[in-house]
Amino acid sequence: MSADMSATTLDHPLKIRVRELYEEYFACLEAQDLTAWPSFFTEDAVYLVQSDQSHRSGLLIGDIYCDGIAMFRDRAAATANTSVHARQTIRHFPGALKLAARKGDLVSSTMSYLAVRSVTDEAPTFFSVGRSIDEIAVNGDRLRFARRTVIYDHDRIDNSLVFPL
Amino acid sequence: MQQVNLSESRNSDNSPVRAWPKDDVSRVPYWLYVDRDLYDRELQAMFYGPTWNYVGCVDEVRQPGDYKSSWIGERSVIVTRDHDGALSVLENACSHRGTRVVWCAKGNGSRLTCPYHQWSFSLKGDLVGVPFKRGLKGEGGYPSDFDTVDHGIRKLKHVERGGLIWATFSEDPPDLETYFAEALPGLDRVFSRPTRVLGYQRQLLSCNWKLYIENLRDPYHATLLHTFYVTFGLLRAGNKFLLGTAAGGAHSVTVTENTGKKEKDSTGEIGRFGEGLTLADPTLVTPIPEFADGKVTGGTLHPSSVMHQQANSIAIRHLVPKGPGQTELIWTFFGYEGDTEEMTLRRRKQANLFGPAGLVSVDDTEVLKFVQATAESYQDHVGLVEFGGRDTADTSHMLSEGQIRAFYKYYRQVMQI
Ligand SMILES: [Fe+2]
């Protein structure tokens, strides 16, 4: 299969399955189900959250970095058990989905998002907006992120990024 | 209910009295984090005064023509590397009408050109181009005595040391060595080898800049708020610490040891302690041995910088005040030139503890927001800073707020309150 195969030639059911993955992923985040969060990633997945500016500069460090499933589990456990933060709800609105190419069992995908945060006693804020560039493993029992890079458009985070994006 | 004596706590115009509540520094009034006039005076006396402020590092302006924008207090500044290799720190304000000249975080070029009237400046800030300087066909333009030499962008005094660039608005600052005094060896210890920027984290804290400085001088909270540290064995209340201050309290120096081992003795008082939690990937907190002394160091460098070296994470945190109740924090993470891939990976992993999503730092960000909220609504109240006594002496344990008191001793002298 050619690496630069355009999204339009991808079989329609795959695009539906990818969209479902994002919907399930965002539902997991909205439920703040940290125990389930790592299950959306492959064993050797790499996850990075950083600003568009950092991304364009090719910088290695962002706000969150997980390399291997153990780090996902550690972040989930630490956030659930040791983090002190104000009660908050974050809604994730998926935007345009673009499937770029399929290489063997990996599909490259770009998805824009809007995250709106409501913190106790405060008006909701457009807390983060941006896109993710993802590689999705399509083999196995279900789709999983093998690589997920969340790139937010703004330069800084308002206070904290308690939960993953 | 305690009666409030209005004649003592209010001025004639009913505004709260702005006097220090006690003759020592074991009390800190909450208006200190709220008062706009005081904040403006702090900017003048501290951020724009005879102090040294972190504005960037040589790795960010490595190539000839590189420039970056940075901050001192609320003021934007530009750091440049000219084609002859010289570094300059300039006001980011056109000498014509004040327009911000550099609008982006980083760039490269041979000139800085103001978009408003196309005045162009050398990378050293000298004015080199003025459109229609002598008018057009004998009409208009600048008077005959107008000389571009008189209208460069203001250049700030700056010093590069260990790859870090420090600048000041003062024309007559103390030399850097005198200024950082006893805090300098700790800085030199970490920044003695060529460094590379690995990345940034930026966040807007909902608190006064001094609350963040206090937080870093507050070892009392470290094992109590940050159960992460205790749970995963990075810190316990019985850890040996050196809590020192420098230059009369202006800066702080904190040294401890990363024992990397969980002990149960002093964790009994911590209610949220997650018994039985272990890390699936211990490299998140475990350092590759790097410093011969095995120590973990950090410190506040008055007024706008913080240095940390924890495990293999090395960073400068840059405080950019945005009004009395908000402070931007810009974290620059470093590695050393020649780091192995394994070391770079470790530094990347350990950055997870810090910044807006930091497994440790989130706690501070969240708590400080609620300290500020109280300060704004209870301005006549005072905070208690009496843990470990009322003096400002260095200690060899972490059960003291002495570094906070030392800061306010220094602060009161500078601010004359
Ligand atoms: Fe803290």
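Further up the page is the structure itself.
1. Things to note about the pattern of salt bridges
Line of reasoning, step 1. Tallied over the full model, the rule gives 32 salt bridges over all chains.
Line of reasoning, step 2. Put simply, B:R346 and B:E342 hold a salt bridge, and the shortest N to O gap is 3.8 Å. Of this pair, B:R346 and B:E342 are both found in helix α8 (residues 341–350), four residues apart, which corresponds to roughly one turn of the helix.
Line of reasoning, step 3. Relative accessible area serves as the criterion here: at 12%, B:R346 is assigned to the buried category.
Line of reasoning, step 4. Counted as one network, the salt bridges with shared partners bring together A:R156, B:R202, B:K322 and B:E328.

2. Focus: the packing of aromatic side chains
All names here are of chain A.
Line of reasoning, step 1. Summed over the entire model, instances satisfying the criterion amount to 31 aromatic pairs over all chains.
Line of reasoning, step 2. Plain terms: the ring middles of W37 and Y47 are 5.6 Å apart, the flat faces sit at 75° to each other, and that makes the pair edge-to-face. Within this pair, whereas W37 is found in the loop between α1 (12–30) and β1 (41–51), its partner Y47 is found in strand β1, the two being separated by ten residues in sequence.
Line of reasoning, step 3. Since its relative accessible area comes to 1%, W37 is described here as buried.
Line of reasoning, step 4. Where F41 meets Y47, the ring centres are 5.6 Å apart and the plane angle is 65°; that geometry is what we call edge-to-face. We note that F41, like Y47, is buried.
Line of reasoning, step 5. Site record: aromatic cluster; members linked through ring pairs are Y22, Y25, F26, W37, F40, F41, Y47, F72 and F145.

3. Some words on the coordination of the iron ion
Residue and element names in this part refer to chain B.
Line of reasoning, step 1. The iron ion binds to the protein through H221 (NE2), H226 (NE2), D364 (OD) and D364 (OD); the donor distances cover 2.0 to 2.4 Å.
Line of reasoning, step 2. Angles of 56 to 150° at the metal separate the four donor atoms of the iron ion, which places the site in the irregular class.
Line of reasoning, step 3. Of note, the iron ion draws all its donor residues from one chain, in the sequence arrangement H-x4-H-x137-D.
Line of reasoning, step 4. Residue classification places H221 among the buried residues on the basis of a relative accessible area of 14%.

4. A word on the sheet that holds strand β6 (residues 144–152) of chain A
Residue and element names in this part refer to chain A.
Line of reasoning, step 1. Across the sheet, six strands lie side by side as β2-β1-β6-β5-β4-β3; this open sheet has mixed pairing. Because the sheet does not close on itself, it has two edges, and the strands there are β2 (64–67) and β3 (88–103). Across the sheet, the mean angle separating the axes of adjacent strands is 20° when strand polarity is ignored.
Line of reasoning, step 2. Note that strand β5 (residues 125–137) and β6 share eight bridges and pair antiparallel. Bridge pairing in β6 links I136 to F145.

5. A short note on the packing of helix α5 (residues 209–216) of chain B against helix α10 (residues 402–415) of chain B
Residue and element names in this part refer to chain B.
Line of reasoning, step 1. As a packed pair, α5 and α10 sit with axes 8 Å apart at the nearest point and diverge in direction by 140°. Classified by the angle between their axes, α5 and α10 sit oblique to one another. Considering how the two elements wind past one another, α5 and α10 form a crossing that is right-handed. Contacts from W209, K210, I213, E214 and L216 in α5 reach Q403, I404, F407, Y408 and Y411 in α10.

Thresholds, definitions, all that
Residues numbered from 1 in each chain as written. Chains lettered and ligands numbered in written order. Predicted model: local features only at pLDDT ≥ 70, side-chain atom pairs only at ≥ 80, totals over all residues. Heavy atoms only, no water. Salt bridge = Lys/Arg side-chain N within 4 Å of Asp/Glu carboxyl O. Helix = DSSP H or I, 4+ residues; strand = E, 2+ residues; numbered from the N terminus. Buried < 20%, exposed > 50% of the residue type's maximum accessible area, 1.4 Å probe, protein only. Phe/Tyr/Trp six-rings, centres within 6.5 Å; stacked < 30°, edge-to-face > 60°. Donors = N, O, S within 2.8 Å, 3.2 Å for Na, K, Ca; no water. Tetrahedral: all angles 85-135°; square planar, octahedral: opposite > 155°, others 65-115°. Pairing = 2+ DSSP bridges. Axes fitted to C-alpha atoms, helices over the stretch in contact; angles between N-to-C directions. Parallel < 35°, antiparallel > 145°, perpendicular 65-115°, else oblique. Left-handed = near helix turned anticlockwise from the far one by under 90°. Contact = heavy atoms within 4.5 Å.

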